[in-house]
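Next come the chains, spelled out residue by residue.
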Amino acid sequence: MQLIDGRAIAALMKKEIAEEVLQIRLEGGKIPHLAAVLVGHNGGSETYVANKVRTCEELGFKSSLTRYEDDVTEDELLDCVERMNRDEDIDGFIVQLPLPQHVSEQKIIEAIDYRKDVDGFHPVNVGRMSIGLPCFVSATPAGILELLKRYEIETKGKHCVVLGRSNIVGKPMAMLMMQKTYPGDCTVTVCHSRSENLKDMCSRADIIIVALGVPEFLKADMVKEGAVVIDVGTTRMPSSASKSGYKLTGDVKFDEVSPKCSYITPVPFGVGPMTILSLMRNTLLAAKKSIYS
Ligand code: GUN
């Protein structure tokens, strides 16, 4: 069993991106600028956004954060998106999800200029991704592809089971794993909370990507000997053992599943660290106008 070290690969990517930004700076080019919009005081969102801003600083990017309270109106947020669309210094921006109930997330996402949609959530990016055209690929699936690539994990012709059908992870992941590329070229099965015979499906998979948000859902008797297991789960479980008062728990029962795997990602420090770096790479691509000019 080989542990997929997301922290190490993320550190490597970080170095590569920082070097490129330094080169841009030396040549007097456009310094990448990522803007973030954060609504309310959700603990998870606060942490994610703080990490994104900190990573920008470490990479030499410019970053800016715009905050709103929970009672912000949809129109105010749409105005904010419009301002960011027009701001020529901002290369890419994200509106951290989830948003309060009274705001339509879809409406906000569709208001973002797809050329600045470094989250890859806009239908133009999702559509282009699904037909294999250059686009911003959403960060978690892009991070997983990067891990498969850097560990040179074989994917061609393999049976990949994706557990979960969210717009952010499950759906794009399934789409990417079936593309005629590496990593990809898989036979993909998507399972979700309503799937029957889930255990049978998983038992036949060469690669399992679990993105359900159900702690320790995937058990040893659902996994074939030699399978590759990618765990996207990050549920905060109360814990007295850590300073923060919680412990990140994956969707895989790691202790019993890992001995059966050829490769597996741990939680934390598997997929997690890759997600932010993928967002940063998208921002760099946006600054360089590599995808859309
Ligand atoms: N909420 C959870 N994950 C994400 C993400 O990747 N981007 C944004 N904008 N919000 C999220």
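The following refers to the structure shown. Every value quoted in this text rests on a predicted model; they were computed, and no experiment measured them.

### Some points on the pattern of salt bridges
A complete count under the given rule lists 17 salt bridges for this structure. Among the salt bridges present, the one from Lys14 reaches Glu58, with a minimum N-O distance of 2.5 Å. Of this pair, Lys14 sits in helix H1 (residues 6-26) while Glu58 is found in helix H2 (residues 43-59), placing the two residues 44 residues apart along the sequence. The class of Lys14 is partly exposed, set by a relative accessible area of 28%. Accessibility expressed as a relative area gives 41% for Glu58, which makes it partly exposed. With a closest N to O distance of 3.9 Å, Glu82 and Arg86 form a salt bridge. Here the residue Glu82 and the residue Arg86 both occupy positions in helix H3 (residues 74-86), the gap between them amounting to 4 residues, near one helical turn. The class for Glu82 is partly exposed, based on a relative accessible area of 34%.

### Thoughts on the site of the ligand
The full set of residues close to the ligand is Val95, Gln96, Leu97, Asp119 and Phe121. In this structure, a nitrogen atom belonging to the ligand sits 3.3 Å away from a side-chain N or O atom of Gln96. Within the side chain of Asp119, an N or O atom sits 2.6 Å from a nitrogen atom of the ligand. Across the complex, the protein chains shield 81% of the 280 Å² of accessible surface that the ligand would expose by itself.

### So, the nonpolar core
Ile17, Phe61, Ile144, Met177, Ile209, Ile230 and Met280 are the most contacted members of the largest nonpolar core, which totals 51 residues. If one sorts the elements of this core by residue count, helix H10 (residues 272-287) sits on top with 7 residues. Excluding anything up to four places from it in sequence, Ile17 contacts Leu59, Phe61, Leu277, Met280, Arg281 and Leu284. Ile90, Phe93, Val95 and Leu99 belong to the second largest nonpolar core, which has 19 residues in total.

### A look at the sheet that holds strand S8 (residues 228-231)
Spatial ordering of the open sheet is given by S1-S11-S8-S7-S5-S6, a layout of 6 strands whose pairing is parallel. The outermost strands of the open sheet, each flanked by one partner alone, are strand S1 (2-3) and strand S6 (187-191). The sheet contact formed by strand S5 (residues 159-163) and S6 spans 5 bridges and is parallel. Paired with Val162 across the two strands is Val190, which belongs to S6. The sheet contacts of helix H7 (residues 170-177) involve S5, S6 and strand S7 (207-210), and relative to S5 the element is tilted by about 170°.

### Some details on H10
In a regular helix each residue adds 1.5 Å, so 16 residues correspond to 22 Å; H10 covers 24 Å between its end C-alpha atoms and thus fits that length. Where H10 is concerned, the buried positions are Met274, Ile276, Leu277, Ser278, Leu279, Met280, Asn282, Thr283, Leu284, Ala286 and Ala287. Residues of H10 that are buried make contact with H1, strand S2 (33-39), H2, strand S4 (92-95) and helix H6 (139-150).

### What to know about the packing of H1 against H2
Think of two packed helices as two axes; the pair is described by the angle between the axes and how far apart they sit. In the contact formed by H1 and H2, the axes pass within 9 Å of each other and the chain directions differ by 55°. For the element pair H1 / H2, the angle class is oblique. Here Lys14, Ile17, Ala18 and Val21 of H1 come into contact with H2, specifically with Thr55, Glu58 and Leu59. Partitioning the contact of H1 with H2 into residue classes produces 4 nonpolar, 1 polar and 2 charged.

### Regarding the packing of aromatic side chains
Any aromatic ring pair is given by two values, namely how distant the centres are and how the planes are angled relative to each other. Considering all chains together, one arrives at 3 aromatic pairs under this definition. Judged by centre distance (5.0 Å) and plane angle (85°), the ring pair of Tyr114 and Tyr292 falls under edge-to-face. Of this pair, Tyr114 sits in the loop between helix H4 (105-111) and helix H5 (123-130) while Tyr292 sits in the segment after H10, and the two are 178 residues apart along the sequence. Taking the relative accessible area as the measure of exposure, Tyr292 reaches 12% and is therefore buried. Ring centres of Tyr151 and Tyr263 lie 6.3 Å apart, and the angle between their planes is 75°; on these two criteria the pair is classed as edge-to-face. Taken together, the residues Tyr151 in the loop between H6 and S5 and Tyr263 in strand S11 (residues 263-264) connect sequence positions 112 residues apart. We classify Tyr263 as buried; its relative accessible area is 19%. One aromatic cluster is present, built from ring pairs that chain together Tyr114, Phe136 and Tyr292.

### Notes on the packing of H6 against H7
The N-to-C vectors of H6 and H7 enclose an angle of 40°; their axes lie 9 Å apart at closest approach. By the criterion of interaxial angle, the relationship of H6 to H7 is oblique. Regarding H6 and H7, the two cross each other, and that crossing is right-handed. Between H6 and H7, the contacting residues are Pro141, Ile144, Leu145 and Leu148 on the first element and Pro172, Met173, Leu176 and Met177 on the second. The residue inventory of the contact of H6 with H7, partitioned by class, reads 8 nonpolar, no polar and no charged.

Calculation criteria
- Residues numbered from 1 in each chain as written.
- Predicted model: local features only at pLDDT ≥ 70, side-chain atom pairs only at ≥ 80, totals over all residues.
- Heavy atoms only, no water.
- Salt bridge = Lys/Arg side-chain N within 4 Å of Asp/Glu carboxyl O.
- Helix = DSSP H or I, 4+ residues; strand = E, 2+ residues; numbered from the N terminus.
- Buried < 20%, exposed > 50% of the residue type's maximum accessible area, 1.4 Å probe, protein only.
- Near = heavy atom within 4 Å.
- Polar contact = N/O pair within 3.5 Å; in protein donor to acceptor, adjacent residues only side chain to side chain.
- Areas by Shrake-Rupley, 256 points an atom, 1.4 Å probe, with all protein chains shown as cover.
- Core = buried A, V, L, I, M, F, W, Y, C linked by side-chain atoms within 4.5 Å.
- Contact = heavy atoms within 4.5 Å.
- Pairing = 2+ DSSP bridges.
- Axes fitted to C-alpha atoms, helices over the stretch in contact; angles between N-to-C directions.
- Expected span 1.5 Å × (residues − 1).
- Parallel < 35°, antiparallel > 145°, perpendicular 65-115°, else oblique.
- Nonpolar A, V, L, I, M, F, W, Y, C, P; charged D, E, K, R; others polar.
- Phe/Tyr/Trp six-rings, centres within 6.5 Å; stacked < 30°, edge-to-face > 60°.
- Left-handed = near helix turned anticlockwise from the far one by under 90°.

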